[in-house]
Amino acid sequence: QPRMLQLDGGPLVLNPGSVGCPAYDDSANSAHVSEVGTPHARYAIATITAAGAIAVDLLAVIYDHKAAAARAGANGRPEWAHALAKGFHAIS
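Residues numbered from 1 in each chain as written. Predicted model: local features only at pLDDT ≥ 70, side-chain atom pairs only at ≥ 80, totals over all residues. Heavy atoms only, no water.

Asks: Hey, could you run me through the pairing of strand S2 (residues 12-15) in this one?
Replies: If a strand is regular, its side chains alternate between the two faces of the sheet. The pairing of strand S1 (residues 3-6) with S2 spans four bridges and is antiparallel. Across the sheet, residue Leu5 finds its bridge partner in S2, namely Val13. Hairpin connection from S1 to S2: five residues lie between these consecutive antiparallel strands, with Gly9 at a positive phi of about 70 degrees. (Pairing = 2+ DSSP bridges. Helix = DSSP H or I, 4+ residues; strand = E, 2+ residues; numbered from the N terminus.)

Following this line, the structure appears as structure tokens:
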């Protein structure tokens, strides 16, 4: 999930989210959820000023996620197809 967190007295932790495949392989089949809520690819731009201030933009890119989902399904990956189409993936 896209998140930004400034640790107390420490670094800025930045996760822009998925670049276009909001799912992953888990050979252990342990329970997990990946839920961005949209199928769009994501990235972040972090700007640090000379004074040390940090500005972060979390951005989403619209792309043909239906075509990507269809390709994943055609390649035998129904879980990726669902995640690419919906922005949600869960294994319980």
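Asks: Which parts of the structure should I look at to understand the packing of helix H1 (residues 65-74) against helix H2 (residues 78-86)?
Replies: The description of two packed helices rests on the angle between their axes and on the distance between the axes. Put simply, H1 and H2 touch, their axes get as near as 7 Å, and they point 175 degrees apart. When the axes of H1 and H2 are compared, the pair comes out roughly antiparallel. Only Trp80, Ala81, Leu84 and Ala85 of H2 make contact with H1, whose side of the interface consists of His65, Ala68, Ala69, Ala72 and Gly73. Looking at the contact of H1 with H2, its residues break down into seven nonpolar, two polar and no charged. (Axes fitted to C-alpha atoms, helices over the stretch in contact; angles between N-to-C directions. Parallel < 35°, antiparallel > 145°, perpendicular 65-115°, else oblique. Contact = heavy atoms within 4.5 Å. Nonpolar A, V, L, I, M, F, W, Y, C, P; charged D, E, K, R; others polar.)

Asks: In this structure, what is going on with the confidence of the model for the chain? I would like to understand it.
Replies: Predicted coordinates in regions of low pLDDT should not be interpreted in detail. Chain-level statistics for the chain give a pLDDT mean of 79 and a share of 74% at 70 or above. Mean pLDDT in the chain bottoms out at strand S3 (residues 32-35), which sits at 61, and peaks at H1, which reaches 92. (pLDDT = per-residue confidence, 0-100.)

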